[in-house]
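Listed below, chain by chain, are the residues.
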Amino acid sequence: MSSQPPESKAILPPTILSALQQFTSPDSISSSSLHPFASNPEENLSSLRKLLDTANQAAFSLNTHLTLPPSNQKLLSLYRQGTSISHAVQQADQNVRYVVNSLRKRVGISFGEDIPLERAQLPGWFLKKLLHWGTSAGMEAFNDPERDGHSTVVLGGKVLVVDIDFVVDHTTPEHPVVDVAACKTSYAIPNSTSTSSTGKSTSLDGFLAVAIRAFLREVQKDDAQRDSIEAARVGRLLSDHFAYLMKLDHLALSEGEGGLRWFTFIDRMSLDVEKLASSEAEALIKQERAYKMPLDVFLMRSHALPLPYLTTPSVTFLTYISPLAYLKLLRTSPKSTTDADHLPKLDVPFQHLRSSLTFHPRPPGATTATLLLSPTAPPAYHADSMSMSALDTRSSSTLVPSAADMEHIFPAGREAQGPQGQQFTWLLDFTEGGKYPGVVMSRSRMHEIELVVNPFSSFDQNTQSVSMFGTGSWVDLLLNSQAPISPERYTAVYVSPTGVHPPLQLRLNTPDEPGFVLEAIPVRSLKEVWSILEIVREQCWLNETLTSCRWIPEGLDIHDTTDDLEDVKVTEDDLQAVLKGNAQPRSIPVNVSLPAPPPPNPLFSGIDMDATFALGGSATPQHARIVMTVPERPPISGLVEIKVTFDSVRPRGVEVVVNGAMGVDLRVDLLEEVCRRGGLFGLPGRVWKKAHEPL
């Protein structure tokens, strides 16, 4: 976000230099947000339009001055001197503005919560803090005085009312303890004649109660354990929750009858998607004949796991989890826990999963997407009311046939505008409100996402001009985003943890496909969300698999082993092993490639219209794939090709195909299990070991 400070009085008269110099600031145009699925695409687009207008005006001014060339050399010298002085002044002013902007926009910088040192003052201080959060969000706040250890705070908007009961334990007078006794939300449309306009949300009640308890738990710790910075972070989150609820309050009030849908549709949709997740888990359990389904396999083979009211008063979808993150979750799970009957039967308890995903910072390897209502104008293609259900569906999960019929259309923000005529759009956010970076995506998968939300778009035509602002390949953006030059290859060394095969010298050919950072996508329906998350899941599988190794641009490996190999002494046994053909190599070369999908049809921007309308759905997409080639065992010449493809139909979510390796008995199910556990790049070593086993 590149918000500029208020314009100050001009130091010097405007010139061509000063007009163009404002665009040289590092934060004037963000190169990572020059696509429609960034957090603030309209802001950068307006900056680019302003740059074009300024460039046209500057060109017109220069052409005008060329018709009257000055002949006074002294005047030219004064012009140069004035330009130099003006440039220095403008540069200094711009640097100061950039520093001030950077300091204002710092994320995670806090001086901590001003917690009173005397614990006896803590209850009164906390209640005042809670009232301040409510009034800052636009709520009316009331507080009943404490009586018999109980106190009540009422926070209300025009539609929403939040009643919070607190209990204060004065067993130790100098050390009182405050806790949430009950939290109840209710809402009703003022002056409504409909008896069905009142309601409540038990899920929202629990979410607010948990958020308030988290703040109380932190501020009431002992002095040695209390973290005022963490308390300030939790307090800001609670304040943001109140502000978000007030957005819904304004929309519900402006809509009148039926406005309560802004509060109730999240609960209704959450129940439906949780039932779907439970049905998919039951189907997988029957297929695998297991008691509980592993979380990682569930995410690979079914729809994304819904987690309502995880970090915001909305629904969050767990899209993908890496093998290492899953292993950590599994090892830290409590021994005996029971989940609710309506939740999927998974090997990681939901309470432990939710607490791990809400921990700050979020554990690496977990990709989540949150459905949020954002105060931004909807894109132009959202104005088209034509139903595109035959084109915007991309579901590869067939575990529950009824899942294709499930649909929830999100309330449209244009039907009920917020205060001051502000419009709202539903966004699928992958950054958790800007706290974390987005997902690195290849151009082909970004194009697939664009076809989901706007089937007749021209994103593929626009990406050619957009990609010039980014890196040469999406792999560079993932592995080496700070490098000014895109290398042709990356190298890595894969060492077997048990030493069953020699080290693998991996050489990754960089695909010639630009990359983008996916941050937020405007969505209108649940089907769009499902389709987008399936595309993102495949990209996350590629990203996490690649980042499991330490890749170095070819030619920059500082640990060169050439000199070490020259110093190795060769023995008689080594010579005999070479003559007999059973010498073990010091390393095995492996070439790794990432095949790109075929280019789309330029006539219909990638849509096979005949297949689409004939089959009643979108054309079958090409799934993510990693291809590895390794030499055959001597004396056989040629290469062994190992293809690992993302496939939600397979028991482990991936399909392994080995071409070559003549005479080697390989169990594909075991190789797929190795991929599931994060050992994909060790498959060539396992094939080599199997080929060299005695018959």
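Residues numbered from 1 in each chain as written. Predicted model: local features only at pLDDT ≥ 70, side-chain atom pairs only at ≥ 80, totals over all residues. Heavy atoms only, no water.

### What to know about the sheet that holds strand β6 (residues 305–308)
Picture the strands of a sheet paired through backbone hydrogen bonds; they go either parallel or antiparallel. An order of β6-β7-β8-β9-β14 is seen for the five strands of this open sheet, with the pairing classed as antiparallel. Two strands lie at the open edges of the sheet, namely β6 and β14 (520–522), each paired on one side alone. Ignoring strand direction, the axes of neighbouring strands in this sheet form an average angle of 25 degrees. (Pairing = 2+ DSSP bridges. Helix = DSSP H or I, 4+ residues; strand = E, 2+ residues; numbered from the N terminus. Axes fitted to C-alpha atoms, helices over the stretch in contact; angles between N-to-C directions.)

### As for the side chain of Thr 425
As for its placement among the helices and strands, Thr 425 is situated in strand β9 (residues 425–429). Only 2.7 Å separates the side chain of Thr 425 from the backbone oxygen of Thr 376, close enough to count as a polar contact. (Polar contact = N/O pair within 3.5 Å; in protein donor to acceptor, adjacent residues only side chain to side chain.)

### Here we look at a nonpolar patch on the surface
Together, Tyr 98, Val 99 and Leu 103 line one region of the surface with nonpolar side chains, adding up to about 260 Å² of accessible area. Here Tyr 98 is to be found in helix α3 (residues 73–104). (Patch = residues over 30% accessible without salt bridge, like charges linked within 9 Å, V, L, I, M, F, W, Y side chains within 5 Å. Areas by Shrake-Rupley, 256 points an atom, 1.4 Å probe, with all protein chains shown as cover. Salt bridge = Lys/Arg side-chain N within 4 Å of Asp/Glu carboxyl O.)

### Things to note about empty space enclosed by the protein
This structure, assessed with the given rule, holds six cavities of 30 Å³ or more. Volume-wise, the largest cavity comes out at about 70 Å³. Val 630, Pro 631, Glu 632, Arg 633, Val 640, Ala 661, Val 664, Pro 684, Val 687, Trp 688, Ala 691 and His 692 together form the lining of the largest cavity. Elements represented by at least two residues in the lining of the largest cavity include exactly β17 (625–631) and α19 (683–691). Here the element with the most residues in the lining of the largest cavity is α19; it accounts for four residues. The residue makeup of the lining of the largest cavity, split by class, is nine nonpolar, one polar and two charged. (1 Å grid on protein atoms, 1.4 Å probe; cavity = no way out; pocket = protein on both sides within 12 Å on 5 of 7 lines; lining within 4 Å. Points joined across faces, edges and corners; volume = space filled by probe spheres on them. Nonpolar A, V, L, I, M, F, W, Y, C, P; charged D, E, K, R; others polar.)

### A few points about the pairing of strand β11 (residues 489–494)
Here six bridges tie β11 to strand β12 (residues 504–509), and the two strands are oriented antiparallel to one another. When the sheet's bridge partners are listed, Tyr 490 is paired in β12 with Leu 508. In this sheet, strand β15 (residues 552–553) lies alongside β11 in antiparallel orientation, the contact comprising two bridges. Note on β15: the bridge partner recorded for Tyr 490 is Pro 553.

### Re the confidence of the model for the protein chain
For any part of a model where pLDDT is low, the fine detail of the predicted coordinates should not be relied upon. Averaged over every residue, the pLDDT of the protein chain is 81; residues scoring 70 or more account for 80%. Mean pLDDT in the protein chain bottoms out at helix α17 (residues 609–615), which sits at 43, and peaks at strand β7 (residues 315–321), which reaches 95. For residues 1–12, every residue scores under 50 in pLDDT, and the model assigns this stretch 23 contacts once sequence neighbours within four places are set aside. Taken as a whole, residues 459–471 scores under 50 in pLDDT and shows 20 contacts with residues more than four places along the chain or in a different chain. (pLDDT = per-residue confidence, 0-100. Contact = heavy atoms within 4.5 Å.)

### Observations regarding the sheet that holds strand β19 (residues 654–659)
Taken in spatial order, the seven strands make up an open sheet running β15-β11-β12-β16-β17-β18-β19, and their pairing is mixed. Strands at the two margins of the open sheet, each flanked by one partner only, are β15 and β19. With seven bridges joining them, β17 and strand β18 (residues 639–646) adopt antiparallel strand pairing. Its bridge partner lying in β18, Val 630 is registered against Val 640. Here helix α18 (residues 668–676) sits on the sheet and contacts β18 and β19; the angle it forms with β19, its principal contact strand, is near 125 degrees. Where α19 meets the sheet, it contacts β12, β16 (588–593), β17, β18 and β19, and its direction lies at approximately 135 degrees from that of β18.

### Considerations on helix α6 (residues 228–255)
Compared with an ideal rise of 1.5 Å per residue, which puts 28 residues at 40 Å, α6 spans 41 Å between its outermost C-alpha atoms and is within 8% of the ideal. Its side-chain oxygen at 3.1 Å from the backbone nitrogen of Ile 229, Asp 227 defines the N-terminal cap of α6. Gly 256 sits one or two positions beyond α6 and adopts a positive phi of about 75 degrees. (Expected span 1.5 Å × (residues − 1).)

### As for α19
Looking only at α19, the buried set comprises Leu 683, Pro 684, Gly 685, Val 687, Trp 688 and Ala 691. Those residues of α19 that are buried are in contact with β12, β16, β17, β18, β19 and α18. (Buried < 20%, exposed > 50% of the residue type's maximum accessible area, 1.4 Å probe, protein only.)

### Observations concerning the packing of helix α4 (residues 122–136) against helix α5 (residues 202–219)
The description of two packed helices rests on the angle between their axes and on the distance between the axes. One can describe the packing of α4 onto α5 by two numbers: an axis separation of 12 Å at closest approach and a directional angle of 145 degrees. Crossing hand, α4 versus α5: right-handed. In this structure, α4 uses Leu 122, Trp 125, Phe 126 and Trp 133 to contact α5, whose residues at the interface are Ile 212, Phe 215, Leu 216 and Val 219. Grouping the constituent residues of the contact of α4 with α5 by class yields eight nonpolar, no polar and no charged. (Left-handed = near helix turned anticlockwise from the far one by under 90°.)

### Remarks on the pattern of salt bridges
Tallied over the full model, the rule gives 21 salt bridges. Measuring nitrogen to oxygen at the nearest pair gives 2.7 Å for the salt bridge that ties Glu 230 to Arg 233. Pair noted here: Glu 230 and Arg 233 are both in helix α6, with a separation of three residues, about one helical turn. Under the relative-accessibility criterion, Glu 230 is labelled partly exposed at 23%. Overlapping salt bridges bring together Glu 288, Asp 296, Arg 301, Arg 652, Glu 673, Arg 676 and Arg 677 as one network.

### Some remarks on the side chain of Glu 274
Here Glu 274 shows up in helix α7 (residues 261–288). Here Glu 274 occupies a buried position and makes no salt bridge, while the nearest side chain of opposite charge, Arg 354, is found at 5.8 Å. (Lys, Arg positive; Asp, Glu negative; His and termini not counted.)

### Details of the packing of aromatic side chains
Here the structure, examined in full by the defined rule, presents 13 aromatic pairs. A ring pair is formed by Phe 126 and Phe 166, whose centres lie 5.3 Å apart and whose planes are at 85 degrees; its orientation type is edge-to-face. With a gap of 40 residues between them, Phe 126 in helix α4 and Phe 166 in strand β3 (residues 160–169) connect regions that are remote in the sequence. Phe 166 shares its class with Phe 126; the two are buried. Cluster of aromatic residues (ring-pair linked, three or more members): Trp 125, Phe 126, Trp 133, Phe 166 and Phe 215. A cation sits over an aromatic face here: Arg 362 above Tyr 436, 4.5 Å from the ring centre. (Phe/Tyr/Trp six-rings, centres within 6.5 Å; stacked < 30°, edge-to-face > 60°. Lys NZ or Arg CZ within 6 Å of the ring centre and 35° of its normal.)

### Observations regarding the environment of Leu 51
Along the chain, Leu 51 turns up in helix α2 (residues 41–66). Leu 51 gets classed as partly exposed once you look at its relative accessible area, which sits at 28%.

### Focus: the pairing of β18
As defined by bridge partners, β18 adjoins β19 across six bridges and the pair is classed as antiparallel. Bridge pairing in β19 places Thr 645 opposite Glu 655.

### Here we look at the nonpolar core
Buried together is how nonpolar side chains tend to be arranged in soluble globular proteins. Grouped together as the largest cluster of nonpolar side chains are 151 residues, with contacts concentrated most on Phe 166, Leu 295, Leu 305, Trp 541 and Phe 681. Excluding residues that lie within four positions of it along the chain, Phe 681 makes contacts with Tyr 494, Leu 504, Leu 506, Thr 545, Leu 546, Ser 548, Cys 549, Trp 551, Val 592, Ile 626 and Met 628. (Core = buried A, V, L, I, M, F, W, Y, C linked by side-chain atoms within 4.5 Å.)

### Considering the packing of α5 against α6
Between α5 and α6, whose axes approach to 8 Å, the crossing angle comes to 155 degrees. The orientation of α5 with respect to α6, classified from their angle, is roughly antiparallel. In this structure, α5 crosses over α6, and the sense of that crossing is left-handed. From α5, Leu 204, Phe 207, Leu 208, Ala 211, Ile 212, Ala 214, Phe 215, Glu 218 and Val 219 reach across to α6, where they touch Glu 230, Ala 231, Val 234, Gly 235, Leu 238, His 241, Phe 242 and Leu 245. Looking at the contact of α5 with α6 residue by residue, the class counts come to 13 nonpolar, two polar and two charged. (Parallel < 35°, antiparallel > 145°, perpendicular 65-115°, else oblique.)

### What to know about the environment of Phe 646
With respect to the element layout, Phe 646 can be found in strand β18. Along the primary structure Phe 646 and Gln 622 are separated by 24 residues, whereas in three dimensions their C-alpha atoms are 9.5 Å apart. Leave out the neighbours within four places in its chain, and Phe 646 touches Met 300, Arg 537, Glu 538, Trp 541, His 623, Ala 624 and Gly 653.

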